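# Commentary on secondary and tertiary structure
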Amino acid sequence: MIVVTGATGNVGRTLVRSLAEAGEEVTAVSRRITGADVPEGVRAVSADLSDPGSLRPVLEGADAVFLLTGGDLFATDPKEIVAAVSGPDRVVLLSSQGVVTRPESASHGRFGAEVERALMNSGARWTILRPGGFASNTFAWAESVRARRTVAAPFGDVGLPLIDPDDIAEVAAAVLRRPGHDGRTYELTGPELVTPRQGAAAIGEAIGEEVTFVEQSREEARARMLAFMPEPVADTTLAILGEPTPAEQRISPDVERVLGRPAHPFAAWARRNAAAFR
């Protein structure tokens, strides 16, 4: 049995479906999950990683676990989280590129690094996935595209190799099901740099209508971000978007290395999700 935490998210939902279609016995775990959230034959269980003990009963009989740790777990001891999931033979951790590119950032690096260290020292067979920016972050543009056919964002011509969350899920499924990945860390990126201006154009092409790009100043973008994220998170996010390090712009071969095919380009993600922007 494979346990998937974060089972209703951008990565987890696709991962659960992929594992189930491959014939695996799957238990899908999230804070608020019902049978309606998962494919037929998948067990849905509510549990919360901020209360690691709530997960232990779910893992009885599990062979492997996919571990997703989000920013809302900062107050939870990483060692307790890892101890709660390290019963199964294999643990695949969805971490973040920020562990190595922004190690000084509490929101993007430090907590993730602590979880990684705890996992490496746990005695479990582990694999770590470190994705960069998600293509699905552009869902934040959906309302303005639907209402006004515009995208407003800062740093219009600064590109990042955005990763399709479905590619992350496929890599996770392969690592969970096949041997040869123990003790490895994979950096997951898209196959090309995508600027916000190019992203807006790709969404326009996907929906068959022109989408106008409006460049925000850093100050305008920061004020908007502070409405829904803490100040340190907003500032680090802006630094990544506006002044990415060479490592944050590097295109990794690891998706193709694991799957035997290139990562999906942003335009393919936009076409698959066009309904959200119409």
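Preceding this paragraph is the structure being described.
No experiment lies behind these values; they were computed from the predicted model shown. (Residues numbered from 1 in each chain as written. Predicted model: local features only at pLDDT ≥ 70, side-chain atom pairs only at ≥ 80, totals over all residues. Heavy atoms only, no water.)

## With respect to the sheet that holds strand β3 (residues 43-46)
What counts, and what does not: DSSP bridges decide pairing: two strands pair if at least two such bridges lie between them. Each helix corresponds to a stretch of at least 4 residues labelled H or I by DSSP, and each strand to a stretch of at least 2 residues labelled E; elements are numbered beginning at the N terminus. Lines fitted to C-alpha atoms define the axes, with helix axes restricted to the stretch in contact, and inter-axis angles between N-to-C directions lie between 0 and 180 degrees. Pairs of residues are marked as contacts when any of their non-hydrogen atoms sit within 4.5 Å.
The parallel open sheet is built from 7 strands, whose spatial order is β3-β2-β1-β4-β5-β6-β8. The sheet is open, and its two edges are formed by β3 and β8 (184-188), each paired on a single side. Direction aside, neighbouring strands of the sheet carry axes that sit 15 degrees apart on average. Examined bridge by bridge, strand β4 (residues 64-68) and strand β5 (residues 90-94) share 5 bridges and lie parallel to one another. In the strand pairing of β5, Val-65 is matched with Val-91. This element, helix α1 (residues 12-21), spans β1 (2-5), β2 (26-30) and β4 of the sheet and lies at about 165 degrees to β1. Where helix α6 (residues 165-177) meets the sheet, it contacts β1, β4, β5, β6 (125-131) and β8, and its direction lies at approximately 165 degrees from that of β5.

## Some thoughts on the side chain of Arg-102
Selection criterion: Any N or O atom pair separated by 3.5 Å or less is treated as a polar contact, with the protein-specific requirement of one donor-capable and one acceptor-capable atom, and with residues adjacent in sequence counted only for side-chain atom pairs.
Inspection of the secondary structure puts Arg-102 in the loop between α3 (98-101) and α4 (106-120). At a separation of 3.4 Å, a polar atom in the side chain of Arg-102 contacts the main-chain carbonyl oxygen of Glu-243. Polar contacts involving the side chain of Arg-102 include one to the side chain of Glu-248, which spans 2.8 Å.

## Remarks on the packing of α1 against α6
Here is the rule: Just so you know how the angles are binned, under 35 degrees is roughly parallel, over 145 roughly antiparallel, 65 to 115 roughly perpendicular, and the rest oblique. In this scheme, a crossing is called left-handed if the near helix is turned counterclockwise away from the far one by less than a right angle; it is called right-handed if the turn is clockwise.
At their nearest, the axes of α1 and α6 sit 8 Å apart, and the two run at 45 degrees to each other. One element, α1, and the other, α6, form an angle in the oblique class. Regarding α1 and α6, the two cross each other, and that crossing is right-handed. The segment α1 lies against α6, with Thr-14, Leu-15, Ser-18 and Leu-19 engaging Asp-166, Ala-169, Ala-172, Ala-173, Leu-176 and Arg-177.

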